[in-house]
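Descriptive structure summary
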Amino acid sequence: MKFITGDTFSETFSFSQEDVNRFIELTGDNNPIHYDTDYAAGTIFKKPIIHGFLAASIFSKILGISMPGYGTIYLKQEMNFKKPFYTDTEYTCTVEIMEIKGAKVSLNTRITNSEGDLMIDGSAVVLAADS
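Criteria and thresholds
Residues numbered from 1 in each chain as written. Predicted model: local features only at pLDDT ≥ 70, side-chain atom pairs only at ≥ 80, totals over all residues. Heavy atoms only, no water. Helix = DSSP H or I, 4+ residues; strand = E, 2+ residues; numbered from the N terminus. Buried < 20%, exposed > 50% of the residue type's maximum accessible area, 1.4 Å probe, protein only. Areas by Shrake-Rupley, 256 points an atom, 1.4 Å probe, with all protein chains shown as cover. Lys, Arg positive; Asp, Glu negative; His and termini not counted. Charge placed at Lys NZ, Arg CZ, Asp CG, Glu CD. Core = buried A, V, L, I, M, F, W, Y, C linked by side-chain atoms within 4.5 Å. Contact = heavy atoms within 4.5 Å. Arc of directions from axis to C-beta. Polar contact = N/O pair within 3.5 Å; in protein donor to acceptor, adjacent residues only side chain to side chain. Pairing = 2+ DSSP bridges. Axes fitted to C-alpha atoms, helices over the stretch in contact; angles between N-to-C directions.

**Some points on the overall build of the protein chain**
- The secondary structure content of the protein chain amounts to three helices and five strands.
- Beginning at the N terminus, the succession of helices and strands in the protein chain can be written as β-α-α-α-β-β-β-β.
- With the C-alpha coordinates of the protein chain rotated into their principal frame, the extents come out at 50 × 30 × 20 Å.
- Counting across all 131 residues of the protein chain, residues that qualify as buried make up 36%.
- Accessible area for the protein chain stands at about 7,400 Å²; split by element, carbon and sulfur atoms hold 52% of it.
- Of the side chains in the protein chain, 11 bear a positive and 17 a negative charge, and the two mean positions are spaced by 7 Å.

Here it is in structure tokens:
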């Protein structure tokens, strides 16, 4: 499928505490802010938060499967984490094609919550297999 500048793709997602626990096992990042309710209650967040990189992993899924799609290779990702993510909360990830130069595709990457608040704002450059 061919994409053009301005095309967008959005996907709604959420993560459970079980997903967070698997991420802890996979990465070794066992910071108690991600699982310990008593610890988190004493922080500015008041409850456990999801790892930023777990939340941002949705970008990899979308870019590698949906847009541009299978065979896509990450070249660069920049992210600004704006707000904390919580389990069992719905978020929407949107990617927009900003520029296409041969196989290189530059994208705007962002995640919002159900109220429309910007959670992650960023950009990516990928090598698209089918551009």
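Let's pick the thread back up.
**Quick word on the nonpolar core**
- Counting 32 residues, the largest nonpolar core has Phe85, Leu107 and Ile111 as its most contacted members.
- The set of elements that each furnish at least two residues to this core consists of helix H1 (17-27), helix H3 (52-66), strand E3 (91-101), strand E4 (104-113) and strand E5 (118-127).
- If you tally residues by element for this core, the top one is H3, at seven residues.
- Aside from chain neighbours lying at most four places away, what touches Ile111 is Phe13, Ala55, Ile58, Phe59, Phe85, Tyr91, Thr92, Cys93, Asp117, Leu118, Met119 and Ile120.

**Considerations on H1**
- Along H1, the residues that are buried comprise Asp19, Val20, Phe23 and Ile24. Burial along H1 is one-sided: seen end-on, the buried residues are contained in an arc of 145°. Looking at H1, the residues exposed on the side facing more than 90 degrees away from the buried face are Glu18, Glu25 and Leu26.

**Quick notes on the side chain of Thr72**
- Looking at the secondary structure, you find Thr72 in the loop between H3 and strand E2 (73-81).
- Note on Thr72: relative accessible area 15%, which makes it buried.
- Among the polar contacts made by the side chain of Thr72, one reaches the main-chain carbonyl oxygen of Gly69 at a distance of 2.6 Å.
- Residues contacting Thr72, with those up to four places away along its chain left out, are Leu63, Gly64, Val126, Leu127, Ala128 and Ala129.

**Structural notes on the pairing of E4**
- Looking at chain direction, E3 and E4 are connected through ten bridges and run antiparallel. In the sheet register, Lys101 faces E4, and the bridge partner there is Lys104.
- Turn length for the E3-E4 hairpin, with the two strands adjacent in sequence and antiparallel, is two residues, and the turn residue Gly102 shows positive phi of about 65°.
- Relative to E5, E4 runs antiparallel, the two being bridged by nine bridges. Counted as the bridge partner of Asn108 is Ser123 from E5.

**As for the sheet that holds E5**
- Strand order in the open sheet made by the five strands is E1-E3-E4-E5-E2, with antiparallel pairing throughout. Strand pairing shows two members of the sheet lacking a second neighbour, strand E1 (8-13) and E2, which therefore form its edges. Direction aside, the axes of adjacent strands within the sheet are offset by 20° on average.
- Contacting E1, E2, E3, E4 and E5, H3 crosses the sheet at an angle of about 145° to E2.

Functional significance is not addressed by these values, which are geometric in nature.
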